[in-house]
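Structural overview
Here are the chains, one letter per residue:
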Amino acid sequence: ARAAGVPADAVGRAAAKHPQLLGLSLTSSLEPKAAYLASLGVDLARLLALHPTGLSLRMEENVTPKVRHFQTVGVPDVGRMLSAHPPLLSLSLKENIEPKTAYLASLGIQDLGKALQAYPQVYSLSLHGNMAPTARFLSRCGYDVQAQLRLRHLA
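As the structure is a computational prediction, the values presented were derived from the model and not from experiment.

With respect to the overall build of the protein chain
In terms of helices and strands, the protein chain carries nine helices and zero strands. Going residue by residue from the N terminus, the α and β elements of the protein chain occur as α-α-α-α-α-α-α-α-α. Relative to all contacts within the protein chain whose residues are 6 or more apart in sequence, the contacts with residues 24 or more apart total 66%. Looking at the protein chain as shown, the accessible area adds up to about 8,200 Å², and 53% of this sits on carbon and sulfur atoms.

In structure tokens, the structure reads:
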């Protein structure tokens, strides 16, 4: 833990919140995951405090595809984005992240990658129950969604 810059007490609290971490191999699971996330600039202490289950996810099947997706849509600092909203790691890429990214792109939001990094919590909103109805309402009210919308306006 200390090698990754994470205080030992933070690791203890994370294990208390998510005991499954104790069942993972240190050398073949936890250390490689922590190293990968740290290489992206993820604040591991914050991840452990807010979403310790993030370290129990499979990298190749879960985390790495999400990182690639965010990089592809132009998020300038994926590590910063994941640090700001660690639950992103547990959201479904196919059922949550990709459809919402496609919807936001269809709105024509300028610098979508930067907008997503600034407000990653948008992925926790309901697409059909919140995001789309709010965007339609703002558009009907004369709001120029393409030029003026900030993702926090959809919350």
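Okay, back to it.
Considerations on the pattern of salt bridges
Going through the model one piece at a time under the given rule, you end up with two salt bridges. A salt bridge links Arg 58 to Glu 61; the shortest N-O distance between them is 3.3 Å. Since its relative accessible area comes to 54%, Arg 58 is described here as exposed. Close ionic contact of Glu 98 with Lys 94 constitutes a salt bridge, the shortest N to O distance being 3.6 Å. Here Lys 94 and Glu 98 lie together in helix H6 (residues 93–106), a separation of four residues that amounts to about one turn. What makes Glu 98 partly exposed here is its relative accessible area of 27%.

Points about the environment of Met 81
Relative to the assigned elements, Met 81 resides in helix H5 (residues 78–84). For Met 81, a relative accessible area of 0% puts it in the buried group. Not counting residues up to four positions away in its chain, the partners in contact with Met 81 are Phe 70, Val 75, Leu 88, Leu 116, Gln 117, Pro 120 and Tyr 123.

Re the packing of aromatic side chains
In the structure shown here, the tally under the stated rule is one aromatic pair. Measuring from centroid to centroid gives 5.7 Å for Phe 70 and Tyr 123, while their planes differ by 55°, and the two rings are tilted. Residue Phe 70 is located in helix H4 (residues 59–72), and its partner Tyr 123 is located in the loop between helix H7 (112–118) and helix H8 (127–140); the two are separated by 53 residues in the primary sequence. Judged by relative accessible area, Phe 70 falls into the buried class, the value being 1%.

Some remarks on unusual backbone geometry
Phi is positive for Asp 111, close to 50°, though the residue is something other than glycine. Turning to its location among the elements, Asp 111 is positioned in the loop between H6 and H7. For Asp 111, a relative accessible area of 55% gives the class exposed.

Regarding the packing of H6 against H8
At a minimum axis separation of 12 Å, H6 and H8 run at an interaxial angle of 5°. Here H6 is positioned roughly parallel relative to H8, judged by the angle of their axes. Contacts from Pro 99, Lys 100, Tyr 103 and Leu 104 of H6 reach H8 at Leu 127, Met 131, Ala 132 and Ala 135. In terms of residue class, the contact of H6 with H8 is built from seven nonpolar, no polar and one charged.

A short note on the nonpolar core
Membership of the largest hydrophobic core comes to 42 residues, with the highest contact counts inside it found for Phe 70, Leu 104, Leu 116, Val 122, Tyr 123 and Leu 154. Sorting the residues of this core by element identifies helix H2 (26–40), helix H3 (44–50), H4, H5, H6, H7 and H8 as the ones contributing at least two each. Tallying contributions element by element places H8 first for this core, with five residues. Sequence-distant contacts of Leu 116, that is, excluding residues within four places in its chain, are made with Val 73, Val 75, Met 81, Leu 104, Val 122, Tyr 123 and Leu 151.

Thresholds applied
- Residues numbered from 1 in each chain as written.
- Predicted model: local features only at pLDDT ≥ 70, side-chain atom pairs only at ≥ 80, totals over all residues.
- Heavy atoms only, no water.
- Helix = DSSP H or I, 4+ residues; strand = E, 2+ residues; numbered from the N terminus.
- Contact = heavy atoms within 4.5 Å.
- Areas by Shrake-Rupley, 256 points an atom, 1.4 Å probe, with all protein chains shown as cover.
- Salt bridge = Lys/Arg side-chain N within 4 Å of Asp/Glu carboxyl O.
- Buried < 20%, exposed > 50% of the residue type's maximum accessible area, 1.4 Å probe, protein only.
- Phe/Tyr/Trp six-rings, centres within 6.5 Å; stacked < 30°, edge-to-face > 60°.
- Axes fitted to C-alpha atoms, helices over the stretch in contact; angles between N-to-C directions.
- Parallel < 35°, antiparallel > 145°, perpendicular 65-115°, else oblique.
- Nonpolar A, V, L, I, M, F, W, Y, C, P; charged D, E, K, R; others polar.
- Core = buried A, V, L, I, M, F, W, Y, C linked by side-chain atoms within 4.5 Å.

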